[in-house]
Amino acid sequence: MFINCHSYYSFKYGTLSIEALVAEAKGKKLDALALTDINSVAGVFPFIRAAQKVGIHSVVGIDFRNGVKQQYIGLAKNQEGFYELNRHLSHRRTKGIPFEEKAPTFQQSFVVYPFREKTFPLRENEFIGIHPYQLNRLVKSPWYRYKDKLVLLQPVSFSSKTQFNAHRLLRAVDKNTLLSKLEPEEQGDISDQFYSYADMVARCEGHSYLLYNSQRLLESCQFSFYFQAVKNKRDILGSDWEDFDYLRQETFKGAIRRYPDLTSEISKRLEKELELIQQKGFVSYFLINYDIVNFAQQRNFYHVGRGSGANSIVAYCLGITDVDPIELDLYFERFINLYRENPPDFDIDFSWTDRDEVVKYIFDKYNQGAQEHVALLGSYSTFQANSMLRELGKVFGLPKTEIESLIYHADKPNHIPDQYGKLILKYSQVLHGMPSHLTIHACGVLISHKPIHYYTATEMPPKGFPLAHIDMHTAEDIGLHKFDILSQRGLGHIKSSLEIIYQNQGVQVDIRQVEQFKKDPKIKELLRTGHTIGAFYVESPAMRMLLAKMKADEYLELVAASSIIRPGVARSGMMREYILRHVDPERRKQAHPVMMDIMPETYGIMVYQEDVIKVAHYFAELSLSEADILRRGMSGKSRSKDEFQRVKDQFFINCERLGRDPKITAEVWHQIESFAGYSFAKGHSASFAVESYQSLYLKAYFPLEFMVGVINNFGGFYHTEFYIHELRMNGADIQAPHINESDYLTNIKGKTVYLGLIHLKYLEKASVEKILSERRANGFFAGLSDFIARVGISLEQTLILIRIGCFRFTGKSKQELLWEAHFILNKRKAVATGNELFRQAGFRELQVPALEEADLRQEIVDQIDILEFPLDSPFHLVKDQTVPSIKARDLKQYLGKQVQIIGYLVTIKYTRTVKGDVMNFGTFVDREGDWIDTVHFPPVVKKYPFKGRAIYLIRGKVTQEFDFYSIEVESCERMAYWNAGEG
């Protein structure tokens, strides 16, 4: 009888999770209900699952509304009905068209209109919904004569007074208004809750036909859905056998290219994988990924295929990945096995400049006219603690200072004396974790065999591609496997670098010679010493430190480093143990024999996700299916907590049966528990390592062009300033932006690097376009007056160019040019529009008065203001130039001694000790440009906190671990800077 139920997927309206909604219904002993979220189908499949578990007949539909004004409810009779409801909702939502009062003609859906005084013709499948409080009006209405067309319309949006209050707060947040000013029509009624059958009979006394009709309506809807079947597009070439035959042909073609010596071992692996791929119904999944990669190669887009898909030799032969699973002994069952129900996982990275074109290709190719088969995967932004406190603070009318104070004291409830504060804190906890709105998954694309609207409605976000209402968990549950098309700056670095190398040196580089790169002595030296700034995934201070400690210069060592740097391995204490065993063969003898036998390559230490499966299977004799449940549960992907607990219990039972030492069993479990959710699949790490080698090759042989490529992609671990620093350390002549030499992005001519005009913080893009357009059309600018005559930009914009030195080629000082610009442009009432006023033959040279000499320190201040970083050494700004300091390169000489060193802050890593205290790892450069690494324990952090990017006087003891030198800081104080007013 409940045909209008809302979950919290009625965003900023409903308050009940799907589980709570079904539990409430079961508690009232209901045997059927309809989920009709407002303009949303996000909860449909979780609802069907939850209702099936408790034996409730589930009906699905949509509550079509303009804002909160209900126009009509659609209930799907079957899957075809769900399809037509989704199409209708999607059409209106993507086009921004409001819903009319009358529903379109649905063939497989029922329509229920809210009660209106005026009658209108009803189709056979259309009804009028009557709320219990409307019964008195009904008996006086002409509708009363059509009892067979009347159904009970008892909405459900919450389950208690607390939830009703939460609902009102959500409505106020949605309307961005004070709770006291929330209009009654913008909210539901407190009676919008479940009632028992007896209660509803009492509420509808004399109108039992309403209950009968609504129950009959629910029974007429039979939405059966087979979750297990794969819903992805299949029959790429027309039939299953043609698809498989094509996949087999292309795989063996690729195998011949990849393996000139095609051994029986490789052939057997290929046959085994192809058989499993066919059995599990993933043939089309591979072919579509293959098609995407082929398109990218035709467009000369670089890609990296990673994820567990890198464990597949078929993927390697098709060119989806560049990781050889034979070389790395990758465990294919981590990717696909007969026991594993979840879908395969390819993550394909493209440059951030290329990804949108790849996504457009997928939509263009796999949509079929008016029948849409492709959508971006959805996700849900949820209410989080601090953001919720801010929103509720605004709803209650609190000033900003009180809101921030409330946030500060949120974890200390006893310190919140104000009743509003306590109320806000209470309801922030009620609302915490609820979905706020639909958003876009970072990379997922869905391609369905049947039209996508059989499974979901779609929206049209600013991206310009339809967005599905379902998230990755629901998509996976219904057998609709996502394609992960990611954007990555590292590939942009490589692509840009190759173009810059060709422009600057005329050299075409083949970046795909990865096997040669693995043996290259220059690359080995960069890895061994941690000189990896700019190289994807291996440039962070922690990674550079790890590589230097390991003295890693082999491919497999880099693959391992990519995974042990992850939080889980470090947290379990096994990262340090791995390094100890890596550098000291004797230490390896401490490994448990079974663990060493399972993982000899990593010295008996779990490093990769596959290791969880291996250890669970071989150490605890869990089945492969159980082992994978364990791995997925650790990473938060388990469908069932009960299932995970069962497998965990079985792990300990089996270990006891096998006679394992309980202490060893507990330690092994601790390792699994500590890192399984954070570690990488080995193939994932190997994919990252391949890209790292490509970046390192460019860094080793074309360091200047490579670093310009990094700068122009604005993505990396460090601020642009330190990539410019790296250029300088490699011999580049760094030039500030130049009006005749600089482009929009940074360019390089020989060894001279001209920073791009994009780096000028206050220079508008329109001004840059005018400058470059005029220069292309009419050549270089002769000087400032020529520039002003030809380019119509304001005085303020011109002064930015002068202050950064764009007109230094004129031979005039900055002070002279500033005076000249003011003189010329202040004489004009309007901005120049390209006339020839100042090019007239008789225009006399301006006579500039005597001005003070330039000061290098003022130059640096201007650079910091305009570029946000200095080009000249920032150490010139230190007020006291006499403070002594050792050099970073000499740290080795001071091992175990107290030192004083001056360093310019590069980056800080914040972390916590096991006790929860904050500690820092700092990275600095000294006057010579060499790197300094520091450790700041909690007492030092409290006494000497960092105070922004600046130059610091560091005192502490020089320590070393595995020949990596750092300073254990005792004090770290920001140094005083020169002030122009002090002379």
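Sequence order as written defines the numbering, with residues in each chain counted from 1. The model is predicted, so local features are restricted to residues of pLDDT at least 70 and side-chain atom pairs to those at 80 or more, both for listing and for counting; the totals for chains, interfaces and linings are taken over all residues. Neither water nor hydrogens contribute to the side-chain values; these are computed over all heavy atoms in the structure.

Asker: I'd like a description of the pairing of strand β22 (residues 964-974), backed by residues and values.
Answerer: Here the rule is simple: two strands pair whenever DSSP picks up at least two bridges between them. Strands are runs of DSSP state E lasting at least two residues, helices are runs of H or I lasting at least four, and both sets are numbered from the N terminus onward. For strand β20 (residues 931-936) and β22, the ladder comprises two bridges, and the chain directions are parallel. When the sheet's bridge partners are listed, Thr934 is paired in β22 with Ile967. The pairing of strand β21 (residues 951-961) with β22 spans 10 bridges and is classified as antiparallel. Along β22, the bridge assignment pairs Tyr952 with Arg974. From the end of β21 to the start of β22, which pair antiparallel, there are two residues, and Phe962 there has a positive phi angle of about 55°.

Asker: Report on the sheet that holds strand β6 (residues 126-130), specifying residues and quantitative values.
Answerer: Strands sit in the order β1-β2-β3-β4-β5-β6-β7 across an open sheet of seven strands; the sheet is mixed. Of all strands in the sheet, those with a lone pairing partner are β1 (2-5) and β7 (150-152), marking the two edges. Adjacent strand axes in the sheet meet at a mean angle of 30°, parallel and antiparallel pairs treated alike. Residue contacts follow a heavy-atom distance rule, with two residues in contact if any of their heavy atoms lie within 4.5 Å. Only the stretch in contact is used when a helix axis is fitted, and all axes are lines through C-alpha atoms; the angle between N-to-C directions ranges over 0 to 180 degrees. Sheet strands in contact with helix α2 (residues 44-54) are β2 (32-38) and β3 (57-66), and its direction is about 150° off that of β3.

Asker: Please provide a residue-by-residue account of the nonpolar core, values included.
Answerer: One finds Phe2 and Ile362 to be the most contacted residues of the largest nonpolar core, which totals 136 residues. With 10 residues, helix α10 (residues 283-298) is the single largest residue contributor to this core. In this structure, Leu328, Leu498, Ala689 and Ala736 belong to the second largest nonpolar core, which totals 107 residues. By nonpolar core we mean a set of buried residues, namely Ala, Val, Leu, Ile, Met, Phe, Trp, Tyr and Cys, connected to one another through side-chain atoms within 4.5 Å. With a 1.4 Å probe rolled over the protein chains alone, any residue whose accessible area is under 20% of its type maximum counts as buried; one over 50% counts as exposed, and the rest are partly exposed.

Asker: Got a sec to walk through the packing of aromatic side chains? Specific residues and values, please.
Answerer: Aromatic rings from Phe, Tyr and Trp, with only the six-membered ring used for Trp, were paired whenever their centres fell within 6.5 Å, and each pair was classed as stacked if the ring planes differed by under 30 degrees, edge-to-face if by over 60, and tilted otherwise. Considering all chains together, one arrives at 51 aromatic pairs under this definition. On the numbers, 5.2 Å between centres and 85° between planes, the contact of Phe286 with Phe346 is edge-to-face. Linking Phe286 in helix α10 with Phe346 in the loop between α11 (313-318) and β9 (347-351), this pair joins segments that are 60 residues apart in sequence. Of the aromatic side chains, those joined through ring pairs into one cluster are Phe64, Tyr72, Phe99, Tyr113, Phe120, Trp143 and Tyr146. Charges are assigned to positions over rings by a cutoff of 6 Å between ring centre and Lys NZ or Arg CZ, combined with an angular limit of 35 degrees from the ring normal. One cation-aromatic arrangement involves Lys77 over Phe110; the distance from NZ or CZ to the ring centre is 4.8 Å. Above the ring of Phe127, the side-chain terminus of Lys149 is found at 4.8 Å from the ring centroid.

Asker: Requested: an account of the packing of helix α13 (residues 385-395) against helix α14 (residues 400-408), with residues and values cited.
Answerer: As a packed pair, α13 and α14 sit with axes 10 Å apart at the nearest point and diverge in direction by 145°. Once α13 is placed against α14, the crossing between them reads as right-handed. Listed contacts from α14 to Asn386, Leu389, Arg390, Gly393 and Lys394 of α13 are Ile403, Glu404, Leu406 and Ile407. As a working rule, the residues Ala, Val, Leu, Ile, Met, Phe, Trp, Tyr, Cys and Pro are called nonpolar, Asp, Glu, Lys and Arg charged, and the rest polar, with Gly in that last group. Its residues assigned to classes, the contact of α13 with α14 comprises four nonpolar, two polar and three charged. Helix crossings get a hand from a simple test, with the near helix turned counterclockwise from the far one by less than a right angle marking a left-handed crossing and a clockwise turn marking a right-handed one.

Asker: Lay out the pattern of salt bridges with the relevant residues and their values.
Answerer: What makes a salt bridge here is a side-chain nitrogen of Lys or Arg within 4 Å of a carboxyl oxygen of Asp or Glu, nothing more. Counted by the stated rule, this structure contains 54 salt bridges. Between Glu721 and Arg949 there is a salt bridge; the shortest N-O distance is 3.5 Å. Here the residue Glu721 occupies a position in helix α31 (residues 720-729), and Arg949 occupies one in the loop between α37 (938-943) and β21, the gap between them amounting to 228 residues. The exposure class assigned to Glu721 is buried, which follows from its relative accessible area of 5%. Its relative accessible area of 38% is what places Arg949 among the partly exposed residues. Between Arg803 and Asp865 there is a salt bridge, with the nearest N and O atoms lying 2.9 Å from each other. Residue Arg803 is located in helix α34 (residues 795-803), and its partner Asp865 is located in helix α36 (residues 856-867); the two are separated by 62 residues in the primary sequence. Residue Arg803 is classed as partly exposed on the basis of its relative accessible area of 23%.

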